[in-house]
Amino acid sequence: MGIKEKNEENVILRNLFKKGVYSYAFSDISKAIGPMVDLAFVSMFFGPMGVTVIGYVGPLIMFYELVGTGISSGARNKVSSLIGAGQLDEANKVYSSSVILGTGISMILTILTLVFCTGVCKILGARQMEILSMTRQYLYGYVIGIPFFSLTRVLKLYLELEGQYKRSNLTSMMTTIVDIVADAVVVFVLHGNMFWIGLATSVGYILPFFITASYFFSFKSRSLFRFSFKSFRKDISKDIIKFGLPPATVKGSNAIGGILINNMLTALNVNYLVAVCGVFSQITVFVRSAWIAASDTMLGFAGVFIGEEDRASLKELQKASLKYALIPSSIATVALFALATPLAGFFMKTKDPTALVMCRECIRISCFSLVFNAFVFNFNNYLMAVRKLKFSGIYGFLLECGNIVPVTFFLLNIFSYYGAFVAKIVHLFAMSLIGVIYICLYKGATKFEDKVLLLPESFGFSADDEIAVVATSADEIMDVSRIAIAFALEHGADKKRAKTVGLITEEMSGLYTEHGFIDGKQHRVNVRLVAKEDDLIVRMRDDFESINITDIYKKEMEEKGTVDDLGLAIVMRMAKDVKYAAAFGANNLIIRV
């Protein structure tokens, strides 16, 4: 079997993307189980009034999450393109700056909430005396864990960048387990009030934080990222905030929109309406990984491919992301419609048939909005990846506040409380339409298949200036040298330089054969050859175990003044530049000749 070309070029991409999506989905579902259990315990022991408290607090929790989400997304957008370009020193500055930002901002939010808790509760809509007291109790316990939640969110980004999906999943699983156990202790042992329920959630944030942090801050850490206060940079921090503003806008607008809608629902004076809408919101948190897992994974991958100027991989990534969002979103819609009755009974622990019927209707109608999220969130995350930050911020605001609030107000006046359920469908359909129109109006490309990239046609390389091949065995990878020499000669290199390119790829092939294929498992090595201005670039991506040849070279030179592996010495001395990065569980090597 000979070497494979374009047909199999993206097999590594698809496999890594699936791993990322499954890990994110597992993480998000695990994380969502905690709030679902909170809601179940609250409903069981505090009744509809406790569920109403959760409904009021929901928008504020979204506001808290914007710190971790905004900084994490901004750092991902910044650091992934640096990894794609092989700039690891700059990537480490992003890492340190994002950790310091996450710590500082979340601490300030926690203190402000504790100081102004009563006013915050009233703004949320909790004004009746008993509801106000219960809401305040819950917040006092909950906000303690916010800094730990935010930092875990930031650190998990770097776990995923390094392909540490198992540890990332363990963190999420521990968050859920600790939260459930703490809830059970509060309810069955301590017989506590809403403060203890909130505190149980905080404990569920605190303990998993140390599991995540131990990977980066232990003395034996194998992480590529090293924290240092000296690495904090104001300019990088500004970029993180700038790139994180669109997702932060989504979270912040969600909080504001939720508060406005809750106040509208309260003013309608319909019993249980806030509670049933709160139930659907909690269910949405549980199933949101159906669309967010793919869109968030896509955001990280897109940055790497943009850094590499890899147009073909971006197109493949878009297709994979939409597929892995649409299918589970459709399944979630069917499941919620079919299970609306038992779900209503599970969350609305009441014998009042009116509340149960209303909750069932809310779930059955609102669930048809879910499939539109597949396109909407993919589109908005891709806007961030290609740095269309201004429109992404506008789109995020419309998504969570600017469009949903007036649509809900309008439909409430026409259909009464049913309007709150129908509004979600109308709103997300409109947001999908806005996205399609924006793509069609993009002037940087002529064909629709190129317009969807939202990048100028000059981005990337022509078919004549790049070639990508995939090797699946030690024998095949040795053929890369022959292809590299032919490619170099075709692009104006003299025989000496062409032989240098061939020798470097041959020696790298030997290293891969020695270190990669020895475990007996099936592996792929994606080799991309690019002619860019005066450079000939060899980019190798593989799914082997981590093998950082630049670190091996530096370490041996520092310790012994020489390198045992002659092939490695040849590569490092003959190339203009060699950069390594581990991204999403793959080794990425960029060699300029």
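Our structure's up above, just so we're on the same page.
Quick caveat: nothing in here was measured; it's all calculated off a predicted structure.

**Quick word on the packing of helix α11 (residues 311-338) against helix α14 (residues 370-385)**
Each pair of packed helices can be described by the angle between their axes along with the distance between the axes.
Stage number 1. As a packed pair, α11 and α14 sit with axes 7 Å apart at the nearest point and diverge in direction by 150°. Between α11 and α14, the interaxial angle falls into the category roughly antiparallel. The element α11 and its partner α14 pack so that their crossing is right-handed. Residue-level contacts link L314, Q318, S321, L322, A325, L326, S329, S330, A332, T333 and L336 of α11 to L370, V371, A374, F375, N378 and Y382 of α14.
Stage number 2. Residue classes in the contact of α11 with α14 are distributed as 11 nonpolar, six polar and no charged.

**Topic: the pattern of salt bridges**
Stage number 1. Under the counting rule described, the total for this entry stands at 10 salt bridges.
Stage number 2. Between E90 and K93 there is a salt bridge, and its shortest N-O distance comes to 3.1 Å. Of this pair, E90 and K93 both sit in helix α2 (residues 88-115), three residues apart, roughly one helical turn.
Stage number 3. Overall, E90 belongs to the partly exposed group, its relative accessible area being 30%.
Stage number 4. Each of K78, D239 and K242 takes part in one network of salt bridges that share partners.

**Some remarks on the packing of helix α9 (residues 273-287) against helix α13 (residues 353-366)**
Stage number 1. The contact between α9 and α13 brings their axes to 9 Å, and the two run at 40°. Relative to α13, the element α9 is oriented oblique. Helix-helix and strand crossings are classified by hand; for α9 and α13 the assignment is right-handed. Residues L273, V276, C277, V279, F280 and I283 of α9 form the contact with α13, whose participating residues are A355, M358, C359, C362, I363 and S366.

**Some thoughts on helix α12 (residues 340-347)**
Stage number 1. Turning to α12, its buried residues are A340, L343, A344 and F347. Angular distribution of buried residues about the axis of α12 spans 100°; they occupy a single face of the element.

**Focus: the side chain of D450**
Stage number 1. Note that D450 resides in helix α18 (residues 448-451).
Stage number 2. What makes D450 buried here is its relative accessible area of 12%.
Stage number 3. With residues near it in sequence (within four places) discarded, D450 still touches R311, K315, A445 and E457.

**Here we look at the nonpolar core**
Stage number 1. If you look at the biggest cluster of nonpolar residues, it comprises 114 residues, and the most contacted ones within it are Y138, L139 and L314.
Stage number 2. Broken down by element, this core gets its largest block of residues, 20 residues, from helix α1 (residues 11-84).
Stage number 3. Among residues more than four places away in sequence, those in contact with Y138 are D38, V53, I54, V57, I61, M194, F195, I197, G198 and T201.
Stage number 4. Grouped together as the second largest cluster of nonpolar side chains are 32 residues, M540, F544, I549 and V571 included.

**Some details on the packing of aromatic side chains**
Stage number 1. For the coordinates displayed, the defined rule picks out 32 aromatic pairs.
Stage number 2. Residues F195 and W196 carry aromatic rings whose centres are separated by 5.5 Å and whose planes lie at 80° to one another, so their mutual orientation is edge-to-face.
Stage number 3. F195 sits in the partly exposed class, given a relative accessible area of 25%.
Stage number 4. Consider the rings of F379 and F391, whose centres lie 6.5 Å apart with planes at 75°: the pair is edge-to-face. With F379 in helix α14 and F391 in helix α15 (residues 389-402), the pair connects residues that are 12 residues apart, well separated along the chain.
Stage number 5. By relative accessible area, which is 5% here, F379 ends up buried.
Stage number 6. R364 extends its terminal NZ or CZ atom over the ring of F337, reaching a point 5.2 Å from the ring centre.
Stage number 7. For the cation-ring pair, R387 lies above F243, with the distance from its terminal atom to the ring centre recorded as 4.2 Å.

**Let's talk about the pairing of strand β1 (residues 466-471)**
Stage number 1. Across the six residues that make up β1, a large majority, five, are buried.
Stage number 2. Sheet topology places β1 next to strand β2 (residues 525-532); six bridges connect them, and they run antiparallel. Across the sheet, A471 pairs through a bridge with V525, a residue of β2.

**Side note on the pairing of strand β3 (residues 535-542)**
Stage number 1. Counted residue by residue, β3 has eight buried out of eight residues, so it is predominantly covered.
Stage number 2. Residue alternation in β3 divides its side chains into two sets, D535, I537, R539 and R541 and L536, V538, M540 and D542, and both sets are buried.
Stage number 3. Where β2 and β3 come together, eight bridges link them in antiparallel fashion. Counted as the bridge partner of A531 is L536 from β3.
Stage number 4. Turn length for the β2-β3 hairpin, with the two strands adjacent in sequence and antiparallel, is two residues, and the turn residue E533 shows positive phi of about 50°.

**As for a nonpolar patch on the surface**
Stage number 1. Judged by side-chain polarity, F26, M44, F45, L170, M173, I177, V181, V185, F188, V189, L190 and W196 come together as a nonpolar surface patch covering roughly 1100 Å² of accessible area.
Stage number 2. For the nonpolar patch, the secondary structure elements donating two or more residues are α1 and α6 (165-190).
Stage number 3. Top contributing element to the nonpolar patch by residue count: α6, with eight residues.
Stage number 4. With respect to the helices and strands, M44 occurs in helix α1.
Stage number 5. Taking the relative accessible area as the measure of exposure, M44 reaches 47% and is therefore partly exposed.

**As for the side chain of S231**
Stage number 1. As for its position among the elements, S231 is in the loop between α7 (194-217) and α8 (234-267).
Stage number 2. Residue S231 is classed as buried on the basis of its relative accessible area of 16%.
Stage number 3. Not counting residues up to four positions away in its chain, the partners in contact with S231 are N92, K93, S96 and S97.

Definitions and limits used
Residues numbered from 1 in each chain as written. Predicted model: local features only at pLDDT ≥ 70, side-chain atom pairs only at ≥ 80, totals over all residues. Heavy atoms only, no water. Axes fitted to C-alpha atoms, helices over the stretch in contact; angles between N-to-C directions. Helix = DSSP H or I, 4+ residues; strand = E, 2+ residues; numbered from the N terminus. Parallel < 35°, antiparallel > 145°, perpendicular 65-115°, else oblique. Left-handed = near helix turned anticlockwise from the far one by under 90°. Contact = heavy atoms within 4.5 Å. Nonpolar A, V, L, I, M, F, W, Y, C, P; charged D, E, K, R; others polar. Salt bridge = Lys/Arg side-chain N within 4 Å of Asp/Glu carboxyl O. Buried < 20%, exposed > 50% of the residue type's maximum accessible area, 1.4 Å probe, protein only. Arc of directions from axis to C-beta. Core = buried A, V, L, I, M, F, W, Y, C linked by side-chain atoms within 4.5 Å. Phe/Tyr/Trp six-rings, centres within 6.5 Å; stacked < 30°, edge-to-face > 60°. Lys NZ or Arg CZ within 6 Å of the ring centre and 35° of its normal. Pairing = 2+ DSSP bridges. Patch = residues over 30% accessible without salt bridge, like charges linked within 9 Å, V, L, I, M, F, W, Y side chains within 5 Å. Areas by Shrake-Rupley, 256 points an atom, 1.4 Å probe, with all protein chains shown as cover.

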